[in-house]
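So the chains spell out like this:
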Amino acid sequence: QVQLVESGGGLVQAGGSLRLSCAASVRTFNNYGMGWFRQAPGLEREFVSAISWSSRTLYADSVKGRFTISRDNAKNTGYLEMNSLKPEDSAVYYCAATTMRLGVKWADYNYWGQGTQVTVSS
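For clarity, every value in this text was computed on a predicted model and none was experimentally measured. (Residues numbered from 1 in each chain as written. Predicted model: local features only at pLDDT ≥ 70, side-chain atom pairs only at ≥ 80, totals over all residues. Heavy atoms only, no water.)

1. Considering the overall build of the protein
Point 1. Across its full length, the protein holds 0 helices and 11 strands.
Point 2. Listing every helix and strand of the protein by position from the N terminus yields β-β-β-β-β-β-β-β-β-β-β.
Point 3. Relative to the compact-globule value of 14 Å for 122 residues, the protein shows a C-alpha radius of gyration of 13 Å, a close match.
Point 4. When burial is assessed residue by residue, the protein has 45% of its 122 residues classed as buried.
Point 5. A separation of at least 24 residues holds for 57% of the contacts in the protein among residues at least 6 apart in sequence.
Point 6. Put simply, the protein shows about 6,500 Å² of open surface, and 47% of that area lies on carbon and sulfur atoms. (Helix = DSSP H or I, 4+ residues; strand = E, 2+ residues; numbered from the N terminus. Rg over C-alpha atoms; globule rule 2.2 N^0.38 Å. Buried < 20%, exposed > 50% of the residue type's maximum accessible area, 1.4 Å probe, protein only. Contact = heavy atoms within 4.5 Å. Areas by Shrake-Rupley, 256 points an atom, 1.4 Å probe, with all protein chains shown as cover.)

Spelled out as C-alpha cells, the structure:
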C-alpha cells in the first residue's frame, strides 16, 4: 500500500509561483511513476504532468513552459514547480502514483493523495 501526502498549496496572486510536494510512504519509490492531476469545482479531474521512474516527463498543453515536474527518489518525494500561475490554474491538485506505464488518464494510476488546494487570485 502506498500513501501519498501532498503539501505546498495555498493562495497566490496571478503571475506568482508555488511548489507542490508529494511525499510517498513506500520503500521502492523509484519503481513508481508519479503524476499530478487537478480538479476545479464542477469540472472533471484533469491531467497536469507526470514523471516516470527514469524521469521521463509528460505535460498537459495548458501548463507546458510554466510547470516543471521532478522527483527525488532518495527522499521519496515528487515535486511540481508552478510558475506564471493563472486564475484558471485554481483547483485541488492531486498527486498519484502508478506501477503501470506512465499515462495521462486517472485510471492509469493506482494510488492517490488527498489533494491540496491551489487558489490563484486575479
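2. Topic: the sheet that holds strand β7 (residues 67-72)
Point 1. One open sheet holds the 4 strands; their spatial order is β1-β3-β8-β7, and the pairing between them is antiparallel. Every other strand in the sheet has two partners, leaving β1 (4-7) and β7 as the edge strands with one partner each. Ignoring which end each strand starts from, the neighbouring axes of this sheet average 15 degrees apart.
Point 2. Pairing of β7 with strand β8 (residues 77-82) involves 6 bridges; the strand directions are antiparallel. Paired with D72 across the strands is T77, a residue of β8. (Pairing = 2+ DSSP bridges. Axes fitted to C-alpha atoms, helices over the stretch in contact; angles between N-to-C directions.)

3. Let's talk about the nonpolar core
Point 1. Within the largest apolar cluster, 34 residues are counted, with the highest numbers of intra-cluster contacts made by M34, W36, F67, L80, M82 and Y93.
Point 2. Elements that contribute at least two residues to this core include exactly β3 (18-24), β4 (33-39), β5 (46-51), β7, β8, β9 (91-98) and β11 (116-121).
Point 3. Counting residues per element, this core draws most heavily on β9, at 5 residues. (Core = buried A, V, L, I, M, F, W, Y, C linked by side-chain atoms within 4.5 Å.)

4. Notes on unusual backbone geometry
Point 1. Located in the positive-phi region is S55, a residue other than glycine, with phi close to 70 degrees.
Point 2. Note on placement: S55 falls in the loop between β5 and β6 (57-59).
Point 3. Residue N76 is not a glycine yet carries a positive backbone phi of 55 degrees.
Point 4. Along the chain, N76 falls in the loop between β7 and β8.

5. A short note on the pattern of salt bridges
Point 1. Counting across every chain of the model gives 4 salt bridges.
Point 2. With a shortest N-O distance of 2.9 Å, R38 and D89 are connected by a salt bridge. Taken together, the positions of R38 in strand β4 and D89 in the loop between β8 and β9 put the pair 51 residues apart, joining distant regions of the chain. As far as the burial class goes, R38 and D89 line up, both buried.
Point 3. Of the charged contacts in the structure, one is a salt bridge between R66 and D89, with a shortest N-O distance of 2.7 Å. Placement of the pair is R66 in the loop between β6 and β7 and D89 in the loop between β8 and β9, with a sequence separation of 23 residues. Pair check on accessibility: R66 and D89 agree, each one buried. (Salt bridge = Lys/Arg side-chain N within 4 Å of Asp/Glu carboxyl O.)

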